[in-house]
Amino acid sequence: MPTILEHLARLPIDDDALVDGVAAWIAGGRPDPTWGVDPTTTPDPSWLGHLHALRRRATDPEAAAVHGVVYTPAPAARALAEAALAHRPGLPTVLDPACGGGALLLAAARVLWDRAGATTAAARADVVRACLRGTDVDARAVAIARRALALACGVDAHALHDVVRAADALRDDPGPAVDVVLANPPWVDSARMAAHDPHARRAIAARFATARGNWDLCCPFVERCVALAPDGVVAVLVPDRVASAPYATAVRALLHGTRAVVDLLDLRDADLGVDARAVGVVSVPGRPDDRLPVGGDPWPLADDAADRALVQATAGWPRLRDVAAVTGAATVAEAYAWVPHLTSGAPDADHLPVANSGTIDPWTVHWADAALRYLGRSVRRPVVAVAALSPTRRAQAHAPKLVVAGLTRTLEAFADVDGGWVGAKSTVLVVPATPDDVPWLAAWVHSAAASRLYRVTWGGLALSGGYLRVGPAQLGALPVPPPGPLRARLDALGRRRLGAGDDAARAQVDAAIDAVCGQAVPCDVAPR
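Conventions used here
- Residues numbered from 1 in each chain as written.
- Predicted model: local features only at pLDDT ≥ 70, side-chain atom pairs only at ≥ 80, totals over all residues.
- Heavy atoms only, no water.
- Helix = DSSP H or I, 4+ residues; strand = E, 2+ residues; numbered from the N terminus.
- Buried < 20%, exposed > 50% of the residue type's maximum accessible area, 1.4 Å probe, protein only.
- Contact = heavy atoms within 4.5 Å.
- Areas by Shrake-Rupley, 256 points an atom, 1.4 Å probe, with all protein chains shown as cover.
- Lys, Arg positive; Asp, Glu negative; His and termini not counted.
- Charge placed at Lys NZ, Arg CZ, Asp CG, Glu CD.
- Patch = residues over 30% accessible without salt bridge, like charges linked within 9 Å, V, L, I, M, F, W, Y side chains within 5 Å.
- Salt bridge = Lys/Arg side-chain N within 4 Å of Asp/Glu carboxyl O.
- Pairing = 2+ DSSP bridges.
- Phe/Tyr/Trp six-rings, centres within 6.5 Å; stacked < 30°, edge-to-face > 60°.
- Arc of directions from axis to C-beta.
- 1 Å grid on protein atoms, 1.4 Å probe; cavity = no way out; pocket = protein on both sides within 12 Å on 5 of 7 lines; lining within 4 Å.
- Points joined across faces, edges and corners; volume = space filled by probe spheres on them.
- Nonpolar A, V, L, I, M, F, W, Y, C, P; charged D, E, K, R; others polar.
- Disulfide = S-S within 2.5 Å.
- Axes fitted to C-alpha atoms, helices over the stretch in contact; angles between N-to-C directions.
- Core = buried A, V, L, I, M, F, W, Y, C linked by side-chain atoms within 4.5 Å.

Some points on the overall build of the protein
Part 1 of the reasoning: A tally of helices and strands in the protein yields 21 helices and 21 strands.
Part 2 of the reasoning: C-alpha extents for the protein along the principal axes are approximately 85 × 45 × 45 Å.
Part 3 of the reasoning: Per-residue burial over the protein gives 53% buried out of 528 residues.
Part 4 of the reasoning: Once local pairs closer than 6 in sequence are excluded, the contacts in the protein between residues at least 24 apart make up 74%.
Part 5 of the reasoning: Entry remark: accessible area of the protein is about 22,500 Å², with carbon and sulfur atoms responsible for 54%.
Part 6 of the reasoning: In the protein, which carries 52 positive and 56 negative side-chain charges, the distance between the mean positions of the two groups comes to 3 Å.

Notes on a nonpolar patch on the surface
Part 1 of the reasoning: A contiguous nonpolar surface patch, about 310 Å² in accessible area, is contributed by V332, Y336 and L375.
Part 2 of the reasoning: Summarising the element assignment, L375 is placed in the loop between β13 (372–374) and β14 (377–379).

Examining the pairing of strand β20 (residues 427–432)
Part 1 of the reasoning: Burial analysis of β20 places six of its six residues in the buried class, the great majority of the element.
Part 2 of the reasoning: Along β20, one buried face is formed by T427, L429 and V431 and the opposite face, lined by V428, V430 and P432, is buried too.
Part 3 of the reasoning: Alignment of strand β8 (residues 324–328) against β20, held across five bridges, turns out to be antiparallel. Counterpart to A325 in the pairing with β20 is V431.

Quick word on the packing of aromatic side chains
Part 1 of the reasoning: Overall, the coordinates contain six aromatic pairs when judged by the stated rule.
Part 2 of the reasoning: Between W25 and W35, the aromatic rings sit 6.4 Å apart at their centres with planes inclined by 55°, giving tilted as the arrangement. In this pair, W25 is assigned in helix α2 (residues 15–26) and W35 in the loop between α2 and α3 (46–59), connecting sequence segments 10 residues apart.
Part 3 of the reasoning: Between W25 and W47 the ring centres are 5.6 Å apart and the planes differ by 80°, which places this aromatic pair in the edge-to-face class.

Topic: helix α16 (residues 391–398)
Part 1 of the reasoning: Considered for burial, the residues of α16 that qualify are R393, Q396 and A397. Viewed along the axis of α16, the buried residues span an arc of 100°, placing them on a single side of the element.

Section: empty space enclosed by the protein
Part 1 of the reasoning: Inspection of every chain in the model, using the stated rule, returns two cavities of 30 Å³ or more.
Part 2 of the reasoning: Approximately 80 Å³ is the volume found for the largest cavity.
Part 3 of the reasoning: Forming the boundary of the largest cavity are L95, P97, T135, R165, A167, D168, A169, D172, D173, P174, R224 and L228.
Part 4 of the reasoning: Of the residues assigned to the lining of the largest cavity, the class counts are six nonpolar, one polar and five charged.
Part 5 of the reasoning: Here the second largest cavity defines a volume of roughly 40 Å³.
Part 6 of the reasoning: Around the second largest cavity, the lining residues are A329, W338, R393, Q396, A397, K401, W421, V422, G423 and L429.
Part 7 of the reasoning: Of all the elements in the fold, those that place two or more residues in the lining of the second largest cavity are α16 and β19 (422–423).
Part 8 of the reasoning: With three residues, α16 is the single largest residue contributor to the lining of the second largest cavity.
Part 9 of the reasoning: The class makeup of the residues in the lining of the second largest cavity is six nonpolar, two polar and two charged.

Looking at the side chain of R201
Part 1 of the reasoning: Inspection of the secondary structure assignment puts R201 in helix α10 (residues 198–207).
Part 2 of the reasoning: Despite its burial, R201 pairs with no opposite charge; the closest candidate is D189, at 8.0 Å N-O.
Part 3 of the reasoning: Contacts of R201, omitting those with residues within four sequence positions, involve S190, M193, A194, G213, N214 and W215.

Things to note about the state of the cysteines
Part 1 of the reasoning: Counted under the stated rule, the structure contains zero disulfides.
Part 2 of the reasoning: Cysteine C131 is unpaired, with the sulfur of C153 as its nearest cysteine sulfur at 11 Å.
Part 3 of the reasoning: In this structure C219 is a free cysteine whose sulfur lies 4.4 Å from that of C218, the closest cysteine sulfur available.

Quick notes on the sheet that holds strand β18 (residues 413–416)
Part 1 of the reasoning: Taken together, four strands build an open sheet; the order of strands is β8-β20-β16-β18 and the sheet is antiparallel. Each edge of the sheet is formed by a strand with only one pairing partner; in this case those strands are β8 and β18. Taking each pair of neighbouring strands and ignoring which way they run, the sheet shows an average axis angle of 20°.
Part 2 of the reasoning: Where strand β16 (residues 401–405) meets β18, four bridges bridge the pair, whose relative direction is antiparallel. Paired with L402 across the two strands is A415, which belongs to β18.
Part 3 of the reasoning: The sheet strands contacting helix α17 (residues 438–445) are β16, β18 and β20, and the helix crosses β16 at an angle near 20°.

Some words on the nonpolar core
Buried together is how nonpolar side chains tend to be arranged in soluble globular proteins.
Part 1 of the reasoning: Of all hydrophobic cores here, the largest spans 109 residues; its most connected members are L8, V22, V128, L132, L149, L182 and L255.
Part 2 of the reasoning: Aside from chain neighbours lying at most four places away, what touches V128 is A109, W113, R133, L149, C153, L160 and V163.
Part 3 of the reasoning: Of all hydrophobic cores here, the second largest spans 42 residues; its members include V438, A450, L453 and L493.

Section: the environment of V242
Part 1 of the reasoning: Its place among the elements puts V242 in the loop between β5 (233–239) and α12 (249–255).
Part 2 of the reasoning: On a C-alpha basis, the gap between V242 and W299 in space is 8.8 Å, while along the polypeptide they are 57 residues apart.
Part 3 of the reasoning: Not counting the four nearest positions on each side in its chain, V242 is found in contact with C218, Y247, A248, V251 and R252.

Structural notes on unusual backbone geometry
Part 1 of the reasoning: You will see that W363, though not glycine, has its phi angle at about 70°, which is positive.
Part 2 of the reasoning: By secondary structure assignment, the location of W363 is in the loop between β11 (360–361) and β12 (364–365).
Part 3 of the reasoning: Here the phi dihedral of R381 falls at roughly 55°; this positive angle occurs in a residue that is not glycine.
Part 4 of the reasoning: Its place among the elements puts R381 in the loop between β14 and β15 (382–385).
Part 5 of the reasoning: A relative accessible area of 35% means that R381 is categorised as partly exposed.

Written out as structure tokens, the structure reads:
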């Protein structure tokens, strides 16, 4: 059932007439009886901006997507404004450089009015004029934001004319630095930008260091926000994938490297009307603490107290990349080059068996009883000629290692204890510096705790159905137990698991692995 705002946005009336009618209702009038809404409902000034975004997305969804048209729900706006302003007492200057219909400006105004004890229209307007600034490229959104603020104050919109103005925050002169930048910048992915306006995309990439790889438009906006408040608070709503995506490495390093992230708000339940979920990031000048990785590593996004406890307990652990070489099993070029040399047969000195994600289950590779699908071919008992492998790939093939599935709901691998297996392109190879480390690494990777950690960190990049993409960079960042009792117990259990002869014995060891990990770190995931 549509909400009242969705219902209003669908009314077959002129945009200006709808805004005027809703504004009159907010100001104390009555809704038009033809609208079919409950007249006892109390409207809010934030409705104007929300309706503007809904109408734009309905009338021209592609243009709305290209320009990153979203609306910040009032609860999310309030949460971000309160978190940001908590780090700046008094009446600081606040700028929203992509203000849209003004949701964040309204939220900030209400926090500041409470601080100032502004109870009259004139006092509220004085606070707005002294403290708030907003810009947006959408001139209509600017007018609506100005009108919403005026309605909230109880003054005429002309009284706040200079508070919000039309401007491009990425290109135009932003004016003097402010105490707080509060923003929900446009979320527009690389492919859409390249298709719509490649010239603009190139121009932005030339100006901003964060616009690298398959960057989202929110990346240079975040960089701009930091420049607008070099000594102040930067609070931004960004897609949850920014917490883990490789393209956002520079953004993470900027917010928690040269500065410190002091709040990471889980706002993923907020409905912004786009196919992405939001997190709020509040960054201040200062030295980063150890709550989040420094230097661009992914930020875990804990869904609940159990996740947060697990992340905190493993924060000081080494990473998988510290104890092993973690690498893709083959490049695209290598994968195609191997095709003529991939046959069905028995392994021998000149031919090594091949595994891909589809043939890997936990601790197991279904080499002889499941066909390997490889670049349009289906091969049972696949082997590849050693002569087709580069020296590096031969060394990896002969090394003791884990071969990890690249697409999975939970981490899955098999332990190539003695070496001799080739991983296909869809897999990740984990070659420990010490070959004897394979058993405990296998036990840890297959623990419920490890899969939970991986999902908390990289779940924002999951595909439909909850399938996790497992790549070398992502897997390499997985915390692993440091030397000590837990690693020793996992080593013993890993060796038992590798030698277990039947399903009952394997299940018993799997349960023991999860129990041992659960005793060492908080994890409420039931054993398999």
